[in-house]
Structures are given as structure tokens and as C-alpha cells.
Amino acid sequence: MSDEPQRSSRGEGPREPHSAASEASSETSPETSDQVSPEASPGAKPKRPRRTGWRRLIPTWRMVLGSFVIGVLLLVGLFVLGYYLVRIPAANATAIKESNVYLYADGSELARDGSVNREIVPLSRIAKDAQHAALAAEDRDFYTESAIDPKAMVRGAWRTATGKGKQSGSTITQQYVKNYYLGQEQTLTRKAKEFIIAVKLDREKNKDEILEGYLNTSYFGRNAYGIQAAAQAYYGVEAKDLTVGQSAYLASLLNAPSEYDVVAHPENKPAALSRWRYVLDGMVKMHWLSRAERAKATFPEPRREMYASSMSGQRGYLVAAIKDYLAAHDILDEDSLAGGGYRITTTLKKPAQDALVKAVDDQVTSKLDKKNRKADRYVRAGGVAIDPATGRVVAMYGGIDYTKQYVNNATRRDYQVGSTFKPFVFAAAVESFARTQDGDVITPNTVYDGTNKRPVEGWSGGPYAPENEDGRDYGPIPVREATDKSVNAVYAQMAVDVGPAKVKQTAIELGLPQGTPELNPYPSIALGTANASVLDMAEAYATLANHGKRTPYTLVEKVTKGGTDDVDLPRQQTQQAVSRTAADTTTAMLQSVVDNGTATAAQAAGRPVAGKTGTAEEDQAAWFAGYTPDLATVIAVMGQNPDTNTHESLYYALGLPRMNGGGAPAQIWAQFMEQALRGKQAHSFDLRLQPGAEETEEPDLDSDDDWGDENEEYRQDGPTDGGSSQGGTDGGTTDTGGTAGTGGATDGGDTTVGGLVAGDTRGIGGLTGIGGATGTGGPEGTPDPGGTADSGGTTDGGAGGATGTGGTTDGGATGGGAGGLGVLGTRRN
């Protein structure tokens, strides 16, 4: 046998012997069979016993640390991912939405429009105290901290929790991001974006830019977005003019706009005062305010909120007119204005605007009795005042209230202008050297037939016989008097003599728009059938006041965008619309209307005044258009049914049987002009008149000193007695030359007196070179005695005399007494 140990038949090696105890242990303790005792494994590390019971719920420090590290890494990863994925978005629509601001000429606010009451201004236009107050209230470390400030979050939470007032934990940068780029929704997503965008923004913009954006986007209550709107809403001042106390109060509102409005919530005034003091103390702590200045500060009571619509009263009419002007002159279109952000300085003067409103209230509105007088329900008024030298509109009255009557009575073109149009007819006559049907040059002294319903002569367009007011007959009447009394028969004929097309063109050159409704070249044009607006008529009358120089009206002095960029405005081109002679002679005629005619109420202005009254058909509108050398103003009172919007007669309105231009319109005009020009030196009109246009009186020929140099060419060229030898023999003394009462020979005396009585009472008859002709009693139409160039002074004078100074009564009255005499040289008074 071999020495090797025997193997079992299963191929196993020899088994080592073991004790019965171990075998027994193995059988009885199977649970511990895997455990090795220290004695059995002297080199092995002992295992920590398992935790049991409640101890199993407490995480180990390894778990805490691991979770923290993983969490930090996750947050960092998410932030990095978000930083690269989230871009700074475009501003939200609400944040950049602004109102348009309309200002009076002196810079005071007239109105604002737009859905959002905001005016974005640069930081340079925000008072330093206002900037510091906002920082003291919301983020005192703004200029030294990063975009995110954990300490501020903790501090804000602590103040809120301890009842020391709400305070946001966000920095100003974060608040600006929320206002400008995001929104006010309270979600984790919005907050995460706010963090990331704030960090990015802090790297791309400087602190001043962020502060400027914050102050322009923050809400201050009273529908005021931004510091500029807030300054206006609470104190009626510009942001640059805020005081320390006002600045601190507005900064307080950032925290709780509605709660801290001490006018709306007087019960919250103690809390508002506490917040106000907190802001001031913060300014002292940050060395933005001295302790002495802090001690002087008193709480500035804000003004009461304007609950009325921003377009109520006159504001809506004015804004509408300004918008129309901007669009019509291609300055800003409707879409641009709708975007907001424009600051529009107008030509309107607040004292004049207030005076016009008061004049309408005093003379019309306060006298209405809508309950007892039906016609008073129809009364509307419109008015415009223009500086003749510049074309600037200084005042406009559109109606009682834009929110009640939205149609602007100053700019509407649907009422006849009536006899206020007649001066345009006369100006056209002088401008075109027009003559009557008898060949006489038209002057203020030309005699026309003022018979009621007199058919016009020389018109081929069909019969036309206008009625005078109240059907009155005037007979032979000089143009000046016919203007004083507004005689339709005279002016209809004059329009034909001038040419209706020429009259129309003259009106357009003076200022009426080319497309004025019913401005048609017919004889009726003289009666004011055109439907021009009050504004149109004011521009035309301003041209007359400016000696015939027309400067198109303007309502806008300056337009800026964002407070800095100027918008180009069209240049005001002044042109000579009609000659100075035509304009000034018309002015002289209109002075007579105020002194002697239908507009005597305008004398209450206490200044030299020229003007004309007008009444539309059936008293549906009454007008007064007038001017001084400094201001041209047109007033109209109109009738409109408030229910149907149809035109209505104003019979018995204001308790008066008739509504005419010499009544309420002239009274409004006089009160307004007296107040608007108060304190301004009164000036007389400096006029250069058409030869033969002066009001003449019985001449005094003892001295030639009264004759003006410019009329020298119209003086008599013949003997000093004013007539031929025949005139001297039979015409009385050589000095009179045929004045009234020196008719000459018996056979011609009556003729002379007849002719002179018709003209001399109005300063026409008995002029140089005519006495001899009319006193001669020679054959009708004889050139020599009737006023040749030698005796009449001019060819026109000779013509006038030749056609009708022959010695008969008719010839003396219609020819020598009026037609021929109107063109001769006259005295200058």
C-alpha cells in the first residue's frame, strides 16, 4: 500500500478532526455561523453594531454632508444651466407704456392721456432727495451690494415678522427686474427668473441705469406709475422739484401705496408717518441728509386726488385739437401718439385759457335756465384767441365739458358764419381795385342801394335778391354804414362787383381752408353761407389784424420724446395774404362797427377794437369776430339739440327774443379780452388806408398841413379855389370850391346841395375840385365841369364826375355826391 492518505470515493480530501462542542455549536447556532470572533480573526476590523429602534430615524453625519454637497452641486448646476438658458427678455408692454403729457406754454401741466399714467424721465430730472429717499426706504446698500443680497432678505423677513412694517427682501435690482421684465405674479418660476436676470442685469447695466428704471416703473398709487407721475398726482410738481419731505413720503408709498395714502385712508396716517420718519432717518444714517435738515422736515400733506376724468372740462377739447394739429401737419400720427411717451408743450396760455372759460360761464352758462326755457337746452359756445403776430393759439373754448359734449365747438365746421364773412368781401374789393356797376372804385364811402330784396345786378347765374335783417329798407347808403348795420343787399351786390370767385379766393388766402363747406362762388357767399370753424375765422381775422400778413395758426410750441429727443416741427411761414392797404382799410371799417354799429358791446374791452357781428339763418348761430392790435378772438354761440344733434334756432335763449352777435358773443368777447390783456399796454391801430377811405368831414382848407404826404398825388392840381373860373364865378367864394351851402348859381344850387347832402353828412361831399363841377349846373355828363383831371384830382375822379355830376338831382346824388367823390384825395385826421 502507498503512504498517501486515502481519498473518499467522492474525491474529497481528508477531513480534519473537530470537537464535538464546535459541531454542536454549529448545529445549535446557525445564525452566528458567519460571524468570526476576534480571537478567531485577530487582524479583522470590528463592525459597528446595527442601530435599532428610534435611532434608526436620525440620519448620520455622513448622510447630511452628502445630501448637502449633492444639493449645493444640484443648485449650482441648475443656476449655471439657468444662467445660460435664461436670457434678459424685452421689457413687458405695461412697463414701457407711457402717457402723453400736454403742457401750457409756461410748462404747467394741461392734461395727460393714455391707459397708463406714466412719464419716463431721466435720472437727471429726478431730485437727488427723491433718489436718496427711495434708496433709504428700499435698499440702502444698493450702490455697494450685488444684485442679490441674502442679508436684505433676512432683514425684510424679520421686520415683517416683528410688525415693524412690510419690507421686501428683494434688492432694487430685483424689484426693477420684476417691474420691467417680468410681472407681479407670485410663483417660484418667476422668482427664479428674477434671480438670474438680476445677476445678469447687474453685470450689463450700471447702478444709475437700474435706479432710473426702478423709479420710472414703480407704482406709487393713485394710478401713478413712476416718480414723475407720482409727483404730479400727489403734489402737482415735477419730479425734479420734489422737496425732502415730499420725496420721503413718495418713497414711503413704495412699500404700501394704497395703505399709506393719507388722503384716501386718514386712519392709516400714524403708520404712514412712522414710515416717513423711517425713510428720513435712513437718509441721515447714510449721510444723504444732515441732522439739521432732518429736524426741519415737516410732513407734506398731499393734495386731494383728482377723481374726475383726465379729459373732463376743457382738457379733452384741447387735447383733441392738438392731436388733430399734429396729425394734419405730419408731425405725429395716431399710432405714434398711441404709443405714448411724448411731452407736448402747447402755445396755450393758462391765464388766457382760464379767462375765456370764465367769460363763457359768466355771460352764458350761468344764465341758462334749462328747466324753464327750452331753447337754453340747445345753447353751445365756442371760442378761439390767436396772437396775430405769431399765429399762436393762446386760448380755446370747446364746450361745457368734453365728457358731456364731446364735439369741439371751436373746430367744428357745420354752422354758417353769417355776416362775419362780409369783411372778406370788402377786403377782396380793395385788394382787386373793384368797381361798382357804375364804374366807381369801391371804398368805405361808396354809396350802394340798400333796398330790401334788391335784385343783384351783373350776375348771370340767375336772379338773386337777398333780404335784409328784419326786412328793413335802407335806400342809398355808404359801404361804411352798410357794414355798421350789416346790410345784406349792399354786400350781395358788392360780391358780384368784386366777383364771387375772387371773394372766395381772398377768404382762403386770409385763412379759411380750401375745403371749407359751402364756401361757394355765388353772390350769397357775402352773407356768410360758408360753414367755417371758429378756429378758421380766428386765423382769418388775425391776418387782418396783422396788416394782411398771414401766419398759419399753431397749437404746438415743442414736442419731445422721452424728455430729451426733440421732434421736428414745421416752420411757420408768414405770407402777405392781402395788401396792407386792403387789410387796414377793412380794419378801419370794422372799428366803425364797434363804435357806431351792431358791436357796441365790444367797447367794454376798454381798448381800440375792430370787429364784426354775424348771425346764421334762423338764429342757429351768433358770432362776434374781433381784434385789437395784440389779439384776435372769435366767439360763437350755437344751437344744437342734445338728443338729436340737429341744429336748432336760439330764439328766446337766455330769455332774449333773438340771438345775435352783438349780444352774448360780443359780451363774452369783451370780458375775455379785458381780462386776457389786463396789464398790457393798449395800442391804437397803425393803419394805412385806401385813398378816399377816411371818414371825411367838412374840410378846412385854411391850411395844407392836414394833408398826408402819401395822399399828395390825389390832391387837386388846379387853382387853389378848387374849381374852374366858372366854378369860381357861380360857385361862391374861391375858398369853398363847392361845399354844402355854396352851390353856386341859382340854377345849379339845388342840384349841388342835393348831391352834397347825400355825401357831405358822411364826410364825402364838397371835396377839392368838385365844387366847381357841381355848382356849374352845366350839361349832364360834360367832362370839363363835371370833374376833369384838372379839377377832380385824378382820372377816376374825372370819370366819376363825368358820368354823373351834370347838374340834375340824380346826377348829383349818385354820381358827383357819391361815386365820383369816393376816389378823391381826402384829409387825414
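Rules behind the numbers
Residues numbered from 1 in each chain as written. Predicted model: local features only at pLDDT ≥ 70, side-chain atom pairs only at ≥ 80, totals over all residues. Heavy atoms only, no water. Helix = DSSP H or I, 4+ residues; strand = E, 2+ residues; numbered from the N terminus. Buried < 20%, exposed > 50% of the residue type's maximum accessible area, 1.4 Å probe, protein only. Contact = heavy atoms within 4.5 Å. Areas by Shrake-Rupley, 256 points an atom, 1.4 Å probe, with all protein chains shown as cover. Salt bridge = Lys/Arg side-chain N within 4 Å of Asp/Glu carboxyl O. Pairing = 2+ DSSP bridges. Axes fitted to C-alpha atoms, helices over the stretch in contact; angles between N-to-C directions. 1 Å grid on protein atoms, 1.4 Å probe; cavity = no way out; pocket = protein on both sides within 12 Å on 5 of 7 lines; lining within 4 Å. Points joined across faces, edges and corners; volume = space filled by probe spheres on them. Nonpolar A, V, L, I, M, F, W, Y, C, P; charged D, E, K, R; others polar. Core = buried A, V, L, I, M, F, W, Y, C linked by side-chain atoms within 4.5 Å. Patch = residues over 30% accessible without salt bridge, like charges linked within 9 Å, V, L, I, M, F, W, Y side chains within 5 Å. pLDDT = per-residue confidence, 0-100. Parallel < 35°, antiparallel > 145°, perpendicular 65-115°, else oblique. Left-handed = near helix turned anticlockwise from the far one by under 90°. Phe/Tyr/Trp six-rings, centres within 6.5 Å; stacked < 30°, edge-to-face > 60°. Lys, Arg positive; Asp, Glu negative; His and termini not counted. Polar contact = N/O pair within 3.5 Å; in protein donor to acceptor, adjacent residues only side chain to side chain.

Novice: Please explain the overall build of the protein chain as it appears in this structure.
Specialist: For the protein chain, the count of helices and strands is 29 helices and 14 strands. Here the protein chain, with 829 residues, has 51% of them falling under the buried criterion. Sequence-distant contacts in the protein chain: of pairs separated by 6 or more residues, those separated by 24 or more amount to 69%. Roughly 39,600 Å² of accessible area belongs to the protein chain as shown, and the carbon and sulfur atoms make up 50% of that amount.

Novice: Sorry if this is basic, but what is going on with the pattern of salt bridges here?
Specialist: A side chain of one charge can pair with a side chain of the opposite charge when the charged atoms of the two come close. Here the structure, examined in full by the defined rule, presents 29 salt bridges. In this structure, the salt-bridge partner of glutamate 119 is arginine 343, at a minimum N-O distance of 2.3 Å. Remark: arginine 343 occurs in strand β3 (residues 342–346) and glutamate 119 occurs in the loop between β2 (109–113) and α4 (128–138); sequence separation between them is 224 residues. Accessibility assignment for this pair places glutamate 119 and arginine 343 in one class, buried. Ionic pairing is found between arginine 580 and aspartate 686, a salt bridge with its closest N-O pair at 3.3 Å. Residue arginine 580 is located in helix α21 (residues 580–596), and its partner aspartate 686 is located in the loop between α22 (664–676) and α23 (725–730); the two are separated by 106 residues in the primary sequence. Its relative accessible area of 51% is what places aspartate 686 among the exposed residues. Shared partners join several salt bridges into a network, and the residues in it are Glu109, Arg112, Glu119, Arg125, Glu238 and Arg343.

Novice: How should the sheet that holds β3 be read in this particular structure?
Specialist: As a general point, the strands of a sheet are linked pairwise by backbone hydrogen bonds and lie either parallel or antiparallel. Taken in spatial order, the five strands make up an open sheet running β2-β1-β3-β9-β10, and their pairing is mixed. Each having just a single partner strand, β2 and β10 (565–566) make up the two edges of the open sheet. Inspection of the sheet shows strand β9 (residues 556–561) paired to β10 by two bridges, in the antiparallel sense. Among the inter-strand pairings, lysine 561 is bridged to a residue of β10, identified as aspartate 565. Helix-sheet contacts for helix α13 (residues 315–328) involve β1 (100–103), β2, β3 and β9, and the interaxial angle to β2 is about 75°.

Novice: Would you take a moment to explain empty space enclosed by the protein for this structure?
Specialist: One simple way to see leftover space: roll a probe sized like a water molecule over the atoms. In this structure the tally under the stated criterion is 10 cavities of 30 Å³ or more. By volume, the largest cavity is sized at about 130 Å³. Thr365, Leu368, Val379, Arg380 and Ile400 are, among the 14 residues lining the largest cavity, the residues nearest its centre. Taken together, the residues of the lining of the largest cavity sort by class into seven nonpolar, three polar and four charged.

Novice: Would you take a moment to explain helix α19 (residues 500–510) for this structure?
Specialist: The periodicity of an α-helix, 3.6 residues per turn, causes residues three or four places apart in sequence to face the same way. Within α19 the residues assigned to the buried category are Pro500, Val503, Thr506, Ala507, Ile508 and Leu510. One or two positions beyond α19, positive phi appears at glycine 511, with a value near 155°.

Novice: I'm lost on the nonpolar core in this one. Help?
Specialist: Within the largest apolar cluster, 126 residues are counted, with the highest numbers of intra-cluster contacts made by Phe421, Phe424, Met494, Leu555 and Phe672. Dropping the residues within four chain positions of it, phenylalanine 672 is found in contact with Ala352, Ala355, Leu356, Ala359, Ala385, Ala395, Leu631 and Thr633. Membership of the second largest hydrophobic core comes to 56 residues, among which are Leu123, Tyr214, Tyr235 and Leu273.

Novice: Would you take a moment to explain a nonpolar patch on the surface for this structure?
Specialist: Taken together, Leu65, Phe68, Val69, Val72 and Leu73 make up a surface patch of nonpolar side chains, about 470 Å² in accessible area. Position of leucine 73 relative to the elements: it lies in helix α2 (residues 61–85).

Novice: Even after reading the chapter, I still don't get the sheet that holds strand β14 (residues 632–639), so can you show me in this structure?
Specialist: With respect to topology, five strands assemble into an open sheet ordered β5-β4-β14-β13-β12, the strand pairing being antiparallel. At either end of the open sheet lies a strand with only one pairing partner, and these are β5 (393–397) and β12 (610–615). Sheet twist, expressed as the average angle between the axes of neighbouring strands with direction ignored, equals 5°. The pairing of β12 with strand β13 (residues 621–627) spans six bridges and is classified as antiparallel. When the sheet's bridge partners are listed, threonine 613 is paired in β13 with phenylalanine 624. The sheet contacts of helix α20 (residues 534–545) involve β4 (379–386), β5, β12, β13 and β14, and relative to β4 the element is tilted by about 35°.

Novice: Help me out: how do you make sense of the environment of glutamate 212 in this one?
Specialist: Structurally, the position occupied by glutamate 212 is in helix α8 (residues 207–217). Judged by its relative accessible area of 28%, glutamate 212 falls in the partly exposed class. Considering only alpha carbons, one finds glutamate 212 and arginine 125, 87 residues apart in sequence, at a separation of 10.0 Å. For glutamate 212, the contacting residues outside a window of four places in its chain are Val121, Pro122 and Leu123.

Novice: Just checking my understanding: could you explain the confidence of the model for the protein chain for this structure?
Specialist: In low-pLDDT regions, the fine details of the predicted coordinates are not to be read closely. Here the protein chain averages 78 in pLDDT, and 69% of its residues register 70 or above. Note on residues 1–40: pLDDT is under 50 here. Beyond four places in sequence and across chains, it has five contacts. Across residues 697–829, confidence stays below pLDDT 50; counting only partners more than four residues off in sequence or on other chains, it has 201 contacts.

Novice: I would appreciate a short explanation of the packing of helix α9 (residues 227–235) against helix α10 (residues 244–253) in the present structure.
Specialist: Helix packing for two helices is described by the angle between their axes and how far apart those axes are. Running from N to C, α9 and α10 cross one another at 110°; their axes reach a closest spacing of 11 Å. Here α10 runs roughly perpendicular to α9, going by the angle between their axes. Considering the relative orientation of α9 and α10, their crossing is right-handed. In contact with Ile227, Ala230, Ala231, Tyr234 and Tyr235 of α9, α10 contributes Gln246, Tyr249, Leu250 and Leu253. Class assignment of the residues belonging to the contact of α9 with α10 gives a composition of eight nonpolar, one polar and no charged.

Novice: Help me understand the packing of aromatic side chains, please; the structure alone is not making it clear to me.
Specialist: Two measures describe an aromatic ring pair: the distance that separates the ring centres and the angle between the ring planes. Taken as a whole and judged by the stated rule, the model has 13 aromatic pairs. Relative to phenylalanine 299, the ring of tyrosine 249 lies with its centre 5.3 Å away and its plane at 90°, an arrangement referred to as edge-to-face. Of the two residues, tyrosine 249 is situated in helix α10 and phenylalanine 299 in the loop between α12 (291–296) and α13; the sequence distance between them amounts to 50 residues. Ring centres of tyrosine 627 and phenylalanine 685 lie 5.9 Å apart, and the angle between their planes is 90°; this geometry places the pair in the edge-to-face category.

Novice: Got a minute to help me understand unusual backbone geometry in this structure?
Specialist: Only a minority of non-glycine residues have a phi that is not negative, and only a minority of peptide bonds are not trans. The phi angle at arginine 222 is positive, at roughly 55°, despite the residue not being glycine. Positionally, arginine 222 belongs in the loop between α8 and α9. Of note in the backbone geometry, tyrosine 652 takes a positive phi value of approximately 70° without being a glycine. With respect to the element layout, tyrosine 652 can be found in the loop between β14 and α22.

Novice: I tried to follow the side chain of lysine 612 on my own but got confused; where do I start?
Specialist: Structurally, the position occupied by lysine 612 is in strand β12. Despite its burial, lysine 612 pairs with no opposite charge, the nearest such side chain being glutamate 469 at 7.8 Å. One polar contact links lysine 612 to serine 486, side chain to side chain, over a distance of 3.0 Å. Sequence-distant contacts of lysine 612, defined by excluding residues within four places in its chain, comprise Ser419, Thr420, Lys422, Pro423, Thr483, Ser486, Tyr541, Leu590, Val593, Trp623, Phe624 and Ala625.

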